[in-house]
Amino acid sequence: MTEFSTWDILCNLLLATRWTILLSLATFLFGGIVGLILLFMRTGKRRALRRFAWDYVELFQGTPLLMQLFIVFFGLSLVGLNVPPWLAAGLALTLWTSAFLSEIWRGCVEAIAKGQWEASSSLGMGYFQQMRWVVLPQAFKIAIPPTVGFSVQIVKGTAVTSIIGFVELSKAGTIVTNATFQPFVVYGFVALIYFALCFPLSMSSQFLERKLNVAHRNH
Amino acid sequence: MSLIEITEVKKRFGDNEVLKGINIDVAAAEVIAFIGKSGSGKSTLLRCINGLETIDEGSITVAGAQLLPDEIHLKALRLKVGMIFQQFNLFPHLTAGRNVMLSQMVVKKVTEKDAEAMARNMLDRVGLGHKFDAYQEELSGGQQQRVAIARALAMQPMALLCDEITSALDPELVNEVLAVVKELAKEGMTLLMVTHEMRFAREVCSRVVFMHQGRVHEIGPPEEVFANPKTPELNQFLGVTEH
Ligand SMILES: Nc1ncnc2c1ncn2[C@@H]1O[C@H](COP(=O)(O)OP(=O)(O)OP(=O)(O)O)[C@@H](O)[C@H]1O
Ligand SMILES: [Mg+2]
């Protein structure tokens, strides 16, 4: 049996970290896009769309991410679609993320004074114009800190995808442990790497919150 | 022909009938003051005319076109009728100038250059040409309200609805806003205003509408309404507000 140096362990973990980062970024991007569409549905005038988006959010917020992942992964293979783990992982995380982001953003949109909607209505703007030019620019500011904060949840959420065999940081940890029999060292590193990814995000979320608060008062 | 025809308009919020059959015809260039107790339905009526509330019965036509609650009709209506609110409702993320430019560009698809020229023009008109680049925090309440007026004027409406536009202002700032409105009235703008400024109503308005419990209780030229109230309700209202 070959000996693994600490350096080997770390190298293997760092290589897998690339996938954690990539999956997080893709999830954030696509989850953000779907979340934005859901936001428009939920704050719009069409009752059926509002209802749909509301149910969607309740569904994905009310069930564990792990179950969603299983359902996507095994559900798709059940209907004959054999998707690779990375795709199932990305899809499940995207759906999950979009529900949470649209909920966060809805709160921000609803924080905008009713008078802003009325004034822009009275000037002849339609719903999309109001959102684009009046509401979202104001909601954007208050949305940044909680959105960045949620990105921490995404990074940690990617760990769940190890269970369907996607080799990201956590899965790599398991594999390396099986080869080295040094679980404490390996998972210690894994935790440190997650922390190194998440800490800057949560710090910047707090920083942005403070900064935007101050800017809001002085602006 | 009347510019605005309000016929048998009824509006309910749940079981609460707030407007109980309103009939008013407004000729072009008329200035009408709406007075009445709190809860008598003044704001609701103005909001119905602008389509911010949908009416349950009756009809409202503006320049011959009936107000219907779909997007296209609403937009057409709002191009004809502007509204000014008690709370100004400027867009806080935009400068005064951009506030006035935005809806021209977005709704009317005016070019940026033309919109800016119009905005400067309208801000001049309300005496704020020098505040083009100011954000709302840098403006007094009176100035903010004048920007709101300029913003509505830039859409070149046929009529303006003003709902207690001086009520949120410190007393010393009321007159600068009323002066602008007076100027508009002189230039022939059709104005429907809810106001507590009785002196202003007396001086500027062609007619005064006294609303009571969701109905037009008295209507007439200010001399008549103020000097000779026909109903005890108006008498009492005037007694309460003028002492
Ligand atoms: N969105 C709403 N939902 C339910 N009831 C409403 C709503 N808007 C107004 N009302 C009710 O309608 C009635 C008339 O209100 P309105 O605001 O038109 O009165 P007003 O004459 O403008 O009074 P004020 O002088 O206080 O502004 C009130 O009883 C009010 O409670
Ligand atoms: Mg009112």
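Residues numbered from 1 in each chain as written. Chains lettered and ligands numbered in written order. Predicted model: local features only at pLDDT ≥ 70, side-chain atom pairs only at ≥ 80, totals over all residues. Heavy atoms only, no water.

(A) Broad picture of helix 7 (residues 169–180) of chain A. Residue and element names in this part refer to chain A. Here helix 7 contains 12 residues, and its C-alpha end-to-end distance of 16 Å stays within 8% of the 16 Å for a straight helix at 1.5 Å per residue. Turning to helix 7, its buried residues are Leu169, Ser170, Ala172, Gly173, Val176, Thr177 and Thr180. Buried residues of helix 7, seen end-on, are gathered within an arc of 155° and therefore sit on one face of the element. Capping the start of helix 7, glutamate 168 holds a side-chain oxygen 3.0 Å from the backbone nitrogen of serine 170, two or three residues further along. Phenylalanine 181, located one to two residues past helix 7, shows a positive phi value of around 55°. (Helix = DSSP H or I, 4+ residues; strand = E, 2+ residues; numbered from the N terminus. Expected span 1.5 Å × (residues − 1). Buried < 20%, exposed > 50% of the residue type's maximum accessible area, 1.4 Å probe, protein only. Arc of directions from axis to C-beta. Polar contact = N/O pair within 3.5 Å; in protein donor to acceptor, adjacent residues only side chain to side chain.)

(B) Main features of the side chain of arginine 106 of chain A. Residues and elements named next belong to chain A. For arginine 106, the position within the fold is in helix 4 (residues 85–110). Of the residues examined, arginine 106 reaches a relative accessible area of 18% and is grouped as buried. In terms of polar contacts, arginine 106 uses its side chain to reach the side chain of glutamate 103, at 2.9 Å. Not counting the four nearest positions on each side in its chain, arginine 106 is found in contact with Leu39, Arg42 and Thr43. (Contact = heavy atoms within 4.5 Å.)

(C) Up close: the packing of helix 3 (residues 96–107) of chain B against helix 4 (residues 112–125) of chain B. Residue and element names in this part refer to chain B. For the pair helix 3 and helix 4, interaxial distance at closest approach is 8 Å and the crossing angle is 130°. Considering their axes alone, helix 3 and helix 4 lie oblique with respect to each other. The handedness of the crossing between helix 3 and helix 4 comes out as right-handed. On the side of helix 3, the interface is formed by Ala96, Gly97, Arg98, Val100, Met101, Gln104 and Met105, while helix 4 contributes Glu112, Asp114, Ala115, Glu116, Met118, Ala119, Met122 and Leu123. (Axes fitted to C-alpha atoms, helices over the stretch in contact; angles between N-to-C directions. Parallel < 35°, antiparallel > 145°, perpendicular 65-115°, else oblique. Left-handed = near helix turned anticlockwise from the far one by under 90°.)

(D) Spatial organisation of the site of ligand 1. Residue and element names in this part refer to chain B. As a matter of local geometry, ligand 1 sits amid Phe13, Asn16, Val18, Lys37, Ser38, Gly39, Ser40, Gly41, Lys42, Ser43, Thr44 and Glu164. Between serine 38 and ligand 1, the recorded distance is 2.6 Å, taken from a side-chain N or O atom to an oxygen atom. Within the backbone of serine 40, a nitrogen or oxygen atom sits 3.3 Å from an oxygen atom of ligand 1. Calculation on ligand 1 without its partners gives an accessible area of 640 Å², and the protein chains cover 59% of this total. Listing elements by their share of the shell around ligand 1, those giving two or more residues are strand 2 (16–26) and helix 1 (42–49). Per-element tally for the shell around ligand 1: the top contributor is helix 1, with 3 residues. Considered class by class, the residues forming the shell around ligand 1 number 2 nonpolar, 7 polar and 3 charged. (Near = heavy atom within 4 Å. Areas by Shrake-Rupley, 256 points an atom, 1.4 Å probe, with all protein chains shown as cover. Nonpolar A, V, L, I, M, F, W, Y, C, P; charged D, E, K, R; others polar.)

(E) Fine view of a nonpolar patch on the surface. A surface patch of nonpolar side chains, amounting to about 390 Å² of accessible area, comprises Leu29, Phe30, Ile33 and Ile37 of chain A. Locating leucine 29 of chain A in the fold gives a position in helix 1 (residues 6–43). (Patch = residues over 30% accessible without salt bridge, like charges linked within 9 Å, V, L, I, M, F, W, Y side chains within 5 Å. Salt bridge = Lys/Arg side-chain N within 4 Å of Asp/Glu carboxyl O.)

(F) Just the sheet that holds strand 1 (residues 4–13) of chain B, in detail. Residues and elements named next belong to chain B. Spatial strand order, 2-1-4-5: 4 strands in an open sheet with antiparallel pairing. The open sheet has two free edges, formed respectively by strand 2 and strand 5 (65–66), since each of these has just one partner strand. Where strand 1 meets strand 4 (residues 57–62), 5 bridges bridge the pair, whose relative direction is antiparallel. By the bridge assignment for strand 4, glutamate 5 is matched with threonine 61. Helix 1 contacts strand 1, strand 2 and strand 4 of the sheet and is inclined by roughly 60° relative to strand 2. (Pairing = 2+ DSSP bridges.)

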